[in-house]
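# What the coordinates show
Each chain, letter by letter, is given below.
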Amino acid sequence: MDAWHLAEMNYRGDVKPHRKGDEQLLELQHLTRQHEFVTAMYVQAKLNMRTLLDQVFPAYECLFTDLYSRQQCAFYSNI
């Protein structure tokens, strides 16, 4: 029931922020969250790329040391 009452209060506009932050601090928090989200997506994309390469070319990592160099990216675009 508590969740129901909180939802009703929020709908009516009775709920007010318990802490009003400085505008710059709020923007910095938002920017930090965005950075964490984008970084996590970037890491996941690299992991997916490595998994895909391992499935398609099992010995690929043995041939090349840096999977994300310019030469490798050019190679990927020609596949």
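Residues numbered from 1 in each chain as written. Predicted model: local features only at pLDDT ≥ 70, side-chain atom pairs only at ≥ 80, totals over all residues. Heavy atoms only, no water.

## Quick look at the overall build of the chain
Per the secondary structure count, the chain includes four helices and zero strands. Helices (α) and strands (β) of the chain occur, in sequence order from the N terminus, as α-α-α-α. Here the chain has a C-alpha radius of gyration of 23 Å; the compact-globule value for 79 residues is 12 Å, and the former is much larger. Taken over the C-alpha atoms alone, the chain extends approximately 65 × 35 × 20 Å along its principal axes. As displayed, the chain has an accessible area near 7,400 Å², and 61% of this comes from carbon and sulfur atoms. Each charge sign in the chain was given a centre, from 8 positive and 10 negative side chains, and these centres are 3 Å apart. (Helix = DSSP H or I, 4+ residues; strand = E, 2+ residues; numbered from the N terminus. Rg over C-alpha atoms; globule rule 2.2 N^0.38 Å. Areas by Shrake-Rupley, 256 points an atom, 1.4 Å probe, with all protein chains shown as cover. Lys, Arg positive; Asp, Glu negative; His and termini not counted. Charge placed at Lys NZ, Arg CZ, Asp CG, Glu CD.)

## Considering a nonpolar patch on the surface
A cluster of nonpolar side chains, Leu52, Val56, Phe57 and Phe75, forms an exposed patch at the surface whose accessible area comes to about 340 Å². Structurally, the position occupied by Val56 is in helix H2 (residues 23–56). (Patch = residues over 30% accessible without salt bridge, like charges linked within 9 Å, V, L, I, M, F, W, Y side chains within 5 Å. Salt bridge = Lys/Arg side-chain N within 4 Å of Asp/Glu carboxyl O.)

## Regarding the confidence of the model for the chain
The predicted model of the chain has a mean per-residue pLDDT of 82, with 91% of residues at 70 or higher. The spread of mean pLDDT over the elements of the chain runs between helix H4 (residues 70–78), the lowest at 73, and H2, the highest at 92. (pLDDT = per-residue confidence, 0-100.)

## Points about empty space enclosed by the protein
Inspection of the entire model under this criterion finds one cavity of 30 Å³ or more. Taken as a whole, the largest cavity encloses approximately 40 Å³ of empty space. Taken together, Arg50, Leu53, Asp54, Phe57, Pro58, Tyr60, Glu61 and Leu67 make up the full set of residues lining the largest cavity. Elements supplying a minimum of two residues to the lining of the largest cavity: H2 and helix H3 (60–63). In terms of residue count, the dominant contributor to the lining of the largest cavity is H2 (three residues). Residue classes in the lining of the largest cavity are distributed as five nonpolar, no polar and three charged. (1 Å grid on protein atoms, 1.4 Å probe; cavity = no way out; pocket = protein on both sides within 12 Å on 5 of 7 lines; lining within 4 Å. Points joined across faces, edges and corners; volume = space filled by probe spheres on them. Nonpolar A, V, L, I, M, F, W, Y, C, P; charged D, E, K, R; others polar.)

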